[in-house]
Amino acid sequence: MSMNQTPASERTHISFFGKRNAGKSSIINAVTSQSLSIVSDQKGTTTDPVYKTMELLPLGPVMLIDTPGIDDEGELGELRVKRSYQVLNKTDIAVLIVDAAAGKSPEDEALIRRFCQKGISYLVVYNKSDLLSEVPQAKEREIWVSAHTGLNIHQLKEKIASLKPEDSHNCPLVQDLLDPLDLVVLVVPIDKAAPKGRLILPQQQTIRDILEAGACPVVTRDTELKDLFSRLSVKPRMVITDSQVFSQVDKDTPEDVPLTSFSILMARYKGDLESSIIGAAALDYLQDGDSVLIAEGCTHHRQCDDIGTVKIPRWIRNYTGKDLNFSFVSGTEFPEDLSPYRLVIHCGGCMLNPREMKYRIQCSLDQNVPITNYGIVIAYVSGILKRSLEPFPGIAELLSGR
Ligand SMILES: Nc1nc2c(ncn2[C@@H]2O[C@H](COP(=O)(O)OP(=O)(O)O)[C@@H](O)[C@H]2O)c(=O)[nH]1
Ligand SMILES: [Mg+2]
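Residues numbered from 1 in each chain as written. Chains lettered and ligands numbered in written order. Predicted model: local features only at pLDDT ≥ 70, side-chain atom pairs only at ≥ 80, totals over all residues. Heavy atoms only, no water.

Chemist: How should I be thinking about the overall build of the protein in this particular structure?
Modeler: The helix and strand tally for the protein stands at 13 helices and 14 strands. Based on the C-alpha atoms only, the size of the protein along its principal axes is roughly 80 × 50 × 35 Å. Across the 402 residues that make up the protein, the buried fraction comes to 53%. Taking contacts inside the protein between residues at least 6 apart in sequence as the whole, the part at least 24 apart equals 70%. Total accessible area computed for the protein in this model is approximately 18900 Å², and 48% of it derives from carbon and sulfur atoms. In the protein, the 44 positive side-chain charges and the 52 negative ones have mean positions that sit 2 Å from each other. (Helix = DSSP H or I, 4+ residues; strand = E, 2+ residues; numbered from the N terminus. Buried < 20%, exposed > 50% of the residue type's maximum accessible area, 1.4 Å probe, protein only. Contact = heavy atoms within 4.5 Å. Areas by Shrake-Rupley, 256 points an atom, 1.4 Å probe, with all protein chains shown as cover. Lys, Arg positive; Asp, Glu negative; His and termini not counted. Charge placed at Lys NZ, Arg CZ, Asp CG, Glu CD.)

Shown next as structure tokens:
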């Protein structure tokens, strides 16, 4: 990912579904005016979801997702169908492509029911209209197009762009807690786990959000924090730290300065701060032999990896003193059946879009398995969760009595 691009997790995800050969790939190519997906009259040409970013006004930056057919057959085919259905979990807007001559199939109808159940805005696109002698009048949520002749492709773009995702998150990262010219100290350790030459996404986003509030970010490493405080002539509005150096930063930050972490801000931003606080409290009830699932949103993030597979299990074993079994999943895998687990600990999900993160949380809560995240766990086992929730009115009370 380039630093100059809107991160994938911030883009509206628009997915194209439909039977094999309905023309999903051709439509995406027509919409983006380029040949990105392979088009062919061979069924099952698109075998894995294909991702493409573009600007689609007035929606802004979007992620287009081309999926394999929903009617694929055989062992491999079923796997592809499953992948297509998994794409639903991150879809903000669904576009269902139907062969105009064939009409909607039972699979198409089933998909539309899924869109409705999941509260996903959708549009039905009848493609290959060039093969019809007469193009029917479009009903609501419908449009008749031809990827080949370009008929109504422009209108299709406009129609997609006018569909609003049903629930986009609207809690800001931090700017609602700041006044103009407030000084905000950000603590970013630069150790060997830090990526080379750049800051990680939650840090970039927080800096951007502070600037938007007209406040002033001061970024320092943990090793300079104490000296920084002795040089500042005004009291910072708050300190935001990387979770990994939480304990030290807690000691080095004067008691009257509010302290929180990037992970806690991200959890609030994605709407799962409350469930993850309640989830962390489940650590106190773990018993010998219990299984804990550690889930990571990406596969390539070395820093997360260390935390997830090594540090978190160690901290939890130390905190609970129990003999626990840890299982790990990463990337797009997330088990549908969570019943073997007593607790799910997820990464901050900076690479997942809010809808997918919400889906994973809902999946756990539906199965009565508490779910929390790395940053909250670290704060909890180091005994500073309460302090780090003070900047958020009404939230610290969730821990009262603890
Ligand atoms: N006549 C006609 N054929 C089309 C149109 N769009 C796609 N096709 C053809 O339908 C076949 C399947 O297209 P493709 O985009 O690969 O379908 P997908 O499997 O849904 O991705 C190809 O042979 C395309 O050339 C269209 O608008 N009109
Ligand atoms: Mg295709």
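Now, onward.
Chemist: Explain the site of ligand 1 here, please?
Modeler: The local shell around ligand 1 holds 18 residues, among which N21, K24, S26, D130 and A147 are the closest. S146 is positioned with one of its side-chain polar atoms (N or O) 3.2 Å from an oxygen atom of ligand 1. For ligand 1, whose accessible area on its own is 580 Å², the fraction buried by protein is 88%. Per-element accounting of the shell around ligand 1 gives the leading share, three residues, to helix α1 (residues 24-32). Taken together, the residues that form the shell around ligand 1 break down as four nonpolar, eight polar and six charged. (Near = heavy atom within 4 Å. Polar contact = N/O pair within 3.5 Å; in protein donor to acceptor, adjacent residues only side chain to side chain. Nonpolar A, V, L, I, M, F, W, Y, C, P; charged D, E, K, R; others polar.)

Chemist: Help me out: how do you make sense of the pattern of salt bridges in this one?
Modeler: Side-chain pairing between opposite charges can occur once the charged atoms of the two side chains come close. Applying the stated criterion across every chain, the model contains eleven salt bridges. For the salt bridge of D179 with R237, the shortest nitrogen-to-oxygen distance reads 2.9 Å. Within this pair, whereas D179 is found in the loop between α4 (153-162) and β7 (183-187), its partner R237 is found in the loop between α6 (225-231) and β9 (238-241), the two being separated by 58 residues in sequence. The class for D179 is partly exposed, based on a relative accessible area of 41%. (Salt bridge = Lys/Arg side-chain N within 4 Å of Asp/Glu carboxyl O.)

Chemist: Can you walk me through α4 in this structure?
Modeler: In an α-helix, one turn spans 3.6 residues, which is why side chains three or four residues apart end up on the same side. When α4 is considered as a whole, its buried residues turn out to be I153, L156, I160 and A161. Taken around the axis of α4, the buried residues stretch over an arc of 130 degrees, which confines them to a single face. Counted as exposed and oriented over 90 degrees from the buried face of α4: H154 and S162. Contacts made by the buried residues of α4 are with β1 (12-18), α1, β2 (50-56), β4 (93-99), β5 (121-127) and β6 (142-144). (Arc of directions from axis to C-beta.)

Chemist: Even after reading the chapter, I still don't get the sheet that holds strand β14 (residues 371-373), so can you show me in this structure?
Modeler: The strands making up a sheet associate through backbone hydrogen bonding, with each pair oriented either parallel or antiparallel. As summarised here, the arrangement of the four strands in space is β12-β11-β13-β14, forming an open sheet in which the pairing is parallel. Bordering the open sheet on either side are β12 (325-330) and β14, each of which pairs with just one other strand. Taking each pair of neighbouring strands and ignoring which way they run, the sheet shows an average axis angle of 25 degrees. Pairing analysis gives three bridges linking strand β13 (residues 343-346) to β14, with the strands arranged parallel. Across the sheet, I345 pairs through a bridge with T372, a residue of β14. Contacting β13 and β14, helix α9 (residues 273-281) runs over the sheet at an angle of about 100 degrees to β14. (Pairing = 2+ DSSP bridges. Axes fitted to C-alpha atoms, helices over the stretch in contact; angles between N-to-C directions.)

Chemist: Explain helix α5 (residues 201-212) here, please?
Modeler: A rise of 1.5 Å per residue sets the reference length of α5, with its twelve residues, at 16 Å; its end C-alpha atoms lie 16 Å apart and thus fit the reference within 8%. Within α5, nine of the twelve residues are buried, which leaves the element mostly enclosed by the surrounding structure. For α5, the complete set of buried residues consists of L201, P202, Q203, Q204, Q205, T206, I207, D209 and I210. On its buried face, α5 sits against β7, β8 (216-220), β9 and α8 (262-269). Just downstream of α5 lies G214, where phi reads positive at about 75 degrees. (Expected span 1.5 Å × (residues − 1).)

Chemist: Can you help me understand the environment of D290 in this one?
Modeler: As for its placement among the helices and strands, D290 is situated in the loop between α9 and β11 (291-296). A sequence separation of 50 residues divides D290 from P340, and the C-alpha atoms of the two residues are 8.6 Å apart. In this view, D290 contacts Y285, D323, L324, N325 and R342; residues no more than four positions away in its chain are not counted. A polar contact is formed between the side chain of D290 and the side chain of R342, at a distance of 3.5 Å.

Chemist: Help me understand the sheet that holds β9 in this model?
Modeler: Read from one edge of the open sheet, four strands run β8-β7-β9-β10, paired in parallel fashion. Two strands lie at the open edges of the sheet, namely β8 and β10 (259-261), each paired on one side alone. Averaged over neighbouring strand pairs, the angle between their axes works out to 25 degrees when direction is ignored. Alignment of β9 against β10, held across three bridges, turns out to be parallel. Its bridge partner lying in β10, T241 is registered against S261. α5 contacts β7, β8 and β9 of the sheet and is inclined by roughly 150 degrees relative to β8.

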